[in-house]
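Below, each chain spelled out in residue letters.
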Amino acid sequence: MKKVLLASACLFALGAFAPATAADLAARPYTKAPAMPAAVYNWTGFYLGIVGGGAWENGSGDPKMKGGFVGGTAGYNWQTGNVVFGLEADGSWADVSASATGATLVPGFGVVTTTASSKTDAMGTVRGRIGWAVNNVLFYGTGGYAWIDNKITLSALGVTASDSKWHSGWTVGAGVEAFFAPQWSVKGEYLYRSLGGESYFSGALPTGTLNFHTVQVGVNYHFGGPIVAKY
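Residue numbers here run from 1 along each chain, matching the order of that chain's written sequence. For a predicted model such as this one, the threshold for reporting local features is a pLDDT of at least 70, and the threshold for listing and counting side-chain atom pairs is 80 or more; totals across whole chains, interfaces and linings nevertheless cover every residue. To get the side-chain values, take all heavy atoms of the structure and skip hydrogens and water.

**Observations regarding the overall build of the chain**
Along the backbone of the chain there are one helix and twelve strands. When the helices and strands of the chain are read in sequence order from the N terminus, they spell out α-β-β-β-β-β-β-β-β-β-β-β-β. Relative to its 231 residues, the chain shows a buried fraction of 30%. Throughout, a residue-residue contact means that at least one pair of heavy atoms, one from each residue, lies within 4.5 Å. Put simply, of all contacts in the chain between residues at least 6 apart along the chain, 63% involve residues at least 24 apart. Only the protein chains shown count as cover for residues, with accessible areas throughout obtained via the Shrake-Rupley method and a probe of 1.4 Å. With the model as given, the accessible surface of the chain reaches about 13400 Å², and the carbon-plus-sulfur share is 68%. Under the DSSP-based scheme used, a helix requires at least four consecutive residues in state H or I and a strand at least two consecutive residues in state E, with every element numbered from the N terminus. Only protein chains enter the accessibility calculation, which uses a 1.4 Å probe. A residue is then buried if its area is under 20% of the maximum for its type, exposed if over 50%, and partly exposed in between.

As structure tokens, this is what we get:
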């Protein structure tokens, strides 16, 4: 019985002491989790990239020149607020062509079969850009100088003759570009190109204005790290 009484007294003492001990413990301090940084894209800086697409001639006659091209791009952007200004140049190898075969009257030979072909081997632009940036997405318009290197080939009676000319003109268009990684962006772009006429074969074959629709996509690498962490 004595042992039972001692054990009961110990239990009573522990029960009375435990609430006081718990009450004396300091409350666990609350620490607010740090805010996650938001990625803010700044488009200012130099970039290099690759570009490729398709082109087709805008005209009323047939056949119309059409084909593809691939090349490189270099440019620089300046951003102020949401407005982005830029300069961009591109140059591409091209295979944009058309050919036609028909009967031609050749003095001294009569009517002979003649094949005429026109092929653009290279094309490019130097343009200004202005756009509106929504964080990592840029919507822009563009315009400036355009050029092509074109060759006309004539074949008749087993004889072939070719002549190449550089056509200069203007271009205007629009596009959208978006960052998909810290220093990489992808873009899609439409350009209308109008190139002045030239005279081939020492002036014997003048051409009219050459007009092209072009749709192109590109991937650019931006130097300098365009992302700034903002809390």
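Text resumes after the structure shown.
**A short note on unusual backbone geometry**
The phi angle at asparagine 135 is positive, at roughly 55°, despite the residue not being glycine. By the secondary structure assignment, asparagine 135 is in the loop between strand 5 (110-134) and strand 6 (137-156). Of note in the backbone geometry, leucine 157 takes a positive phi value of approximately 55° without being a glycine.

**A closer look at the pattern of salt bridges**
Within this document, salt bridges are pairs made up of a side-chain nitrogen of Lys or Arg and a carboxyl oxygen of Asp or Glu, the two lying within 4 Å of each other. Inspection of the entire model under this criterion finds nine salt bridges. A salt bridge links aspartate 62 to lysine 64; its shortest N-O distance comes to 3.1 Å. Its relative accessible area of 67% is what places aspartate 62 among the exposed residues. Owing to a relative accessible area of 29%, lysine 64 belongs among the partly exposed residues under this scheme. Between aspartate 95 and lysine 119 there is a salt bridge, with its nearest N and O atoms 4.0 Å apart. Of this pair, aspartate 95 sits in strand 4 (residues 83-106) while lysine 119 sits in strand 5, placing them 24 residues apart in sequence. When its relative accessible area of 31% is taken as the criterion, lysine 119 is described as partly exposed. Bridged by salt links that share partners, the residues Glu88, Asp90, Arg127, Arg129, Glu177, Lys187 and Glu189 form one connected network.

**As for the confidence of the model for the chain**
For every residue, the pLDDT score states the predictor's confidence, bounded by 0 at the bottom and 100 at the top. Per-residue confidence for the chain averages 84 on the pLDDT scale, and 77% of its residues sit at or above 70. A low-confidence stretch, residues 1-25 (pLDDT under 50), is modelled with zero contacts involving residues beyond four sequence positions or located in other chains.

**Some remarks on the packing of aromatic side chains**
When the centres of two rings from Phe, Tyr and Trp lie within 6.5 Å, Trp using its six-membered ring, the rings pair. Their planes under 30 degrees apart give stacked, over 60 give edge-to-face, and anything left gives tilted. Tallied over the entire structure, the rule returns eight aromatic pairs. Measuring from ring centre to ring centre gives 4.5 Å for tryptophan 147 and tryptophan 166, while their planes differ by 10°; the resulting arrangement is stacked. With tryptophan 147 in strand 6 and tryptophan 166 in strand 7 (residues 159-181), this pair connects stretches of sequence that are 19 residues apart. By the ring-pair criterion, three or more aromatic residues cluster together here, those being Phe46, Trp184, Tyr221 and Phe223. Charge-over-ring placement is defined geometrically: NZ (Lys) or CZ (Arg) within 6 Å of the ring centre, and within 35 degrees of the ring normal. Above the face of the tyrosine 140 ring, arginine 129 is positioned so that its terminal group lies 4.4 Å from the ring centre. Across the ring face of phenylalanine 69, the terminal group of arginine 193 is positioned such that the distance to the ring centre comes to 5.7 Å.

**Points about the nonpolar core**
Core analysis: the biggest nonpolar cluster contains twelve residues, these being Ala55, Met65, Phe69, Ala94, Val96, Ala98, Met123, Ala146, Ile148, Leu195, Leu210 and Phe212. The set of elements that each furnish at least two residues to this core consists of strand 4, strand 6 and strand 11 (210-222). It is strand 4 that provides the largest number of residues to this core, a total of three residues. With near-sequence residues (within four places) excluded, alanine 55 lies in contact with Met65, Lys66, Gly67, Phe69, Val96, Phe212, His213 and Thr214. To qualify as a nonpolar core, a set must consist of buried Ala, Val, Leu, Ile, Met, Phe, Trp, Tyr and Cys residues joined through side-chain atoms within 4.5 Å. Ranked by size, the runner-up nonpolar core spans seven residues in total, among them Ala133, Leu138, Tyr140 and Phe179.

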